Amino acid sequence: MPYLLLALALALGVVAISIMRAARFISNRMRLIEDGREIGPARTIADRMVCAFLLDAGAGAHVLIDAGMDTQAKAILAELGRRGLGPEAIKAIFLTHAHTDHFGGCALFPQADVYALEAEVDLAEGRRKQGGLLGPLAGLQRRTVHITQALAAGEEVVVGDLRIRALPMPGHTLGSAAYVCNGVVFMGDSADARIDGRIQEPPALLSEDSGAARTSLATLADRIRELDSPIEWLAFAHSGVLRAEALFRPPGGAASHAPSKI
Ligand SMILES: [Zn+2]
């Protein structure tokens, strides 16, 4: 009987989160994710309501930014198959954060290094409970993922032809990261893309610290400028892509000054 109640609670939790996400997309007019879109070095791989990104690192080696929610990683394996490759082609997986819809496919790539910011490791490996309003609910369906490589703030990793830099984006989770690679900023759930071309802050209900999330987003443009490498695209896990200029407009507000270079 307790198992039945637990299963019921789990099912209700999944339904509640799905409804909230759907309501958010409708009310804020979020962009829809696009499967198979090429942006910079990456191709979007839609996995129901979330995107993973597949990057070609040269010589058959590939990198994933997040690994989708499907524990069988069918969409990722299908795209590798289309390239004549198997799961061993994935050499590294960079997790934007440790929510289950972002690391579902990791187990299918046991030879890959799994990267996340140091601040996210305890949540990923189940030593810390998720905070925020929905933390207790998320705890009910908690799966874990082993992080083989913990990243320091601002650390750059070279995989084949690619250089991937981790920028801390605390807020949605305390150890959330954005990754910068070849003109693309992979945002994870640290923001969403609206139909009107603006950035939307992550919803407070789904974030561990919404104040920190707001600050992370507000400071990202300056932190990217400091890298002194041109940025062309912003890639969001649940809402498609935007041109990088969107980073220089206030979220959901009036346009501010345009940058001369980013
Ligand atoms: Zn998330």
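Source: prediction; values computed, not measured.

Colleague: Looking at this structure, I do not really get the overall build of the protein. What am I missing?
Modeller: Scanning the protein for helices and strands turns up 6 helices and 15 strands. Residues classed as buried in the protein amount to 50% of the 262 residues present. Residue pairs in contact within the protein that sit at least 24 positions apart in sequence constitute 62% of those at least 6 positions apart. Looking at the protein as shown, the accessible area adds up to about 11600 Å², and 58% of this sits on carbon and sulfur atoms.

Colleague: Help me out: how do you make sense of the sheet that holds strand β10 (residues 177–181) in this one?
Modeller: Either a parallel or an antiparallel arrangement is found when strands of a sheet pair, and the pairing is made through backbone hydrogen bonds. The strand order across the open sheet formed by 6 strands is β8-β9-β10-β11-β14-β15, and the pairing between neighbours is mixed. The two strands at the open ends of the sheet, each matched to only one other strand, are β8 (156–159) and β15 (241–243). Between one strand and the next, the sheet's axes are offset by a mean angle of 25°, whatever the strand orientation. Of the strands in this sheet, β9 (162–168), β10 and β11 (184–188) are in contact with helix α6 (residues 210–227), which crosses β9 at around 145°.

Colleague: In this structure, what is going on with the coordination of the zinc ion? I would like to understand it.
Modeller: Working reference: metal with six octahedral donors, ideal angles 90 or 180 degrees; metal with four tetrahedral donors, ideal angle 109.5 degrees. Every protein donor of the zinc ion is listed here as His-97 (NE2), His-99 (ND1), His-172 (NE2) and Asp-189 (OD), and their distances to the metal cover 2.1 to 2.3 Å. Of note, the donors binding the zinc ion are all from one chain and are spaced H-x1-H-x72-H-x16-D. With His-99 in the loop between β5 (90–94) and α3 (100–103) and Asp-189 in the loop between β11 and β12 (192–193), this residue pair connects regions lying 90 residues apart in the sequence. For Asp-189, a relative accessible area of 5% gives the class buried.

Colleague: What's the story with the nonpolar core in this structure? I'm lost.
Modeller: Soluble globular proteins tend to bury their nonpolar side chains together. If you look at the biggest cluster of nonpolar residues, it comprises 27 residues, and the most contacted ones within it are Phe-53, Leu-55, Val-63, Phe-94, Tyr-179 and Phe-186. With 4 residues, strand β3 (residues 50–58) is the single largest residue contributor to this core. Each residue touching Val-63, except ones within four places of it in the same chain, is listed here: Phe-53, Leu-54, Leu-55, Ala-57, Ala-92, Phe-94, Val-159, Leu-162 and Ile-164. Membership of the second largest hydrophobic core comes to 24 residues, among which are Ala-67, Ile-76, Ala-89 and Ile-93.

Colleague: It is not clear to me how the side chain of His-99 should be interpreted in this structure. Could you clarify?
Modeller: Residue classification places His-99 among the buried positions, given a relative accessible area of 11%. In this structure the side chain of His-99 is engaged in a polar contact, spanning 3.3 Å, whose partner is the side chain of His-97.

Colleague: Please clarify how the packing of aromatic side chains should be interpreted in this entry.
Modeller: Note on aromatic pairs: each is described by the distance of the centres and the angle between the planes. Taken as a whole and assessed by the stated rule, the structure comprises 3 aromatic pairs. Relative to Tyr-115, the ring of Phe-94 lies with its centre 4.4 Å away and its plane at 5°, an arrangement referred to as stacked. Linking Phe-94 in strand β5 with Tyr-115 in strand β6 (residues 113–117), this pair joins segments that are 21 residues apart in sequence. Of the two residues, Phe-94 and Tyr-115, neither departs from the other in class, the shared state being buried. Connected via pairs of aromatic rings, a cluster forms that spans Phe-94, Tyr-115 and Tyr-179. One residue, Arg-243, lies across the ring of Trp-233, its end atom 4.1 Å from the ring centre.

Colleague: In this structure, what is going on with the environment of Ala-73? I would like to understand it.
Modeller: Checked against the element boundaries, Ala-73 lands in the loop between β4 (61–65) and α2 (74–82). Between the alpha carbons of Ala-73 and Cys-106 there is a distance of 8.0 Å; along the sequence they are 33 residues apart. Those residues in contact with Ala-73, other than ones at most four positions away along the chain, are Gly-105, Leu-108 and Phe-109.

Colleague: Is there a simple way to think about the pairing of β6 in this case?
Modeller: Counting buried residues in β6 gives 4 out of 5 residues, a clear majority hidden from the surface. When β5 meets β6, the two strands line up parallel, connected through 3 bridges. Bridging across to β6, Ala-92 finds its partner in Asp-113. The pairing of β6 with strand β7 (residues 149–151) spans 3 bridges and is classified as parallel. Directly across from Ala-116, in β7, lies its bridge partner Ala-150.

Colleague: What am I meant to see in the pattern of salt bridges here?
Modeller: Two side chains bearing opposite charge may form a pair once their charged atoms approach each other closely. Taken as a whole and assessed by the stated rule, the structure comprises 15 salt bridges. Its salt-bridge partner being Arg-82, residue Glu-79 comes within 2.8 Å of it at the nearest N-O pair. With Glu-79 and Arg-82 both in helix α2 and 3 residues apart, this pair spans about one turn of that helix. On the accessibility criterion, Arg-82 (55% relative accessible area) is exposed. In this structure, Asp-222 engages Arg-225 in a salt bridge whose closest nitrogen and oxygen atoms are separated by 2.7 Å. With Asp-222 and Arg-225 both in helix α6 and 3 residues apart, the pair spans about one turn of that helix. Exposure remark for Arg-225: the relative accessible area of 31% places this residue in the partly exposed category. Here the residues in one salt-bridge network are Glu-38, Arg-43, Glu-79, Arg-82 and Arg-83, joined through shared partners.

Rules used throughout
- Residues numbered from 1 in each chain as written.
- Predicted model: local features only at pLDDT ≥ 70, side-chain atom pairs only at ≥ 80, totals over all residues.
- Heavy atoms only, no water.
- Helix = DSSP H or I, 4+ residues; strand = E, 2+ residues; numbered from the N terminus.
- Buried < 20%, exposed > 50% of the residue type's maximum accessible area, 1.4 Å probe, protein only.
- Contact = heavy atoms within 4.5 Å.
- Areas by Shrake-Rupley, 256 points an atom, 1.4 Å probe, with all protein chains shown as cover.
- Pairing = 2+ DSSP bridges.
- Axes fitted to C-alpha atoms, helices over the stretch in contact; angles between N-to-C directions.
- Donors = N, O, S within 2.8 Å, 3.2 Å for Na, K, Ca; no water.
- Core = buried A, V, L, I, M, F, W, Y, C linked by side-chain atoms within 4.5 Å.
- Polar contact = N/O pair within 3.5 Å; in protein donor to acceptor, adjacent residues only side chain to side chain.
- Phe/Tyr/Trp six-rings, centres within 6.5 Å; stacked < 30°, edge-to-face > 60°.
- Lys NZ or Arg CZ within 6 Å of the ring centre and 35° of its normal.
- Salt bridge = Lys/Arg side-chain N within 4 Å of Asp/Glu carboxyl O.

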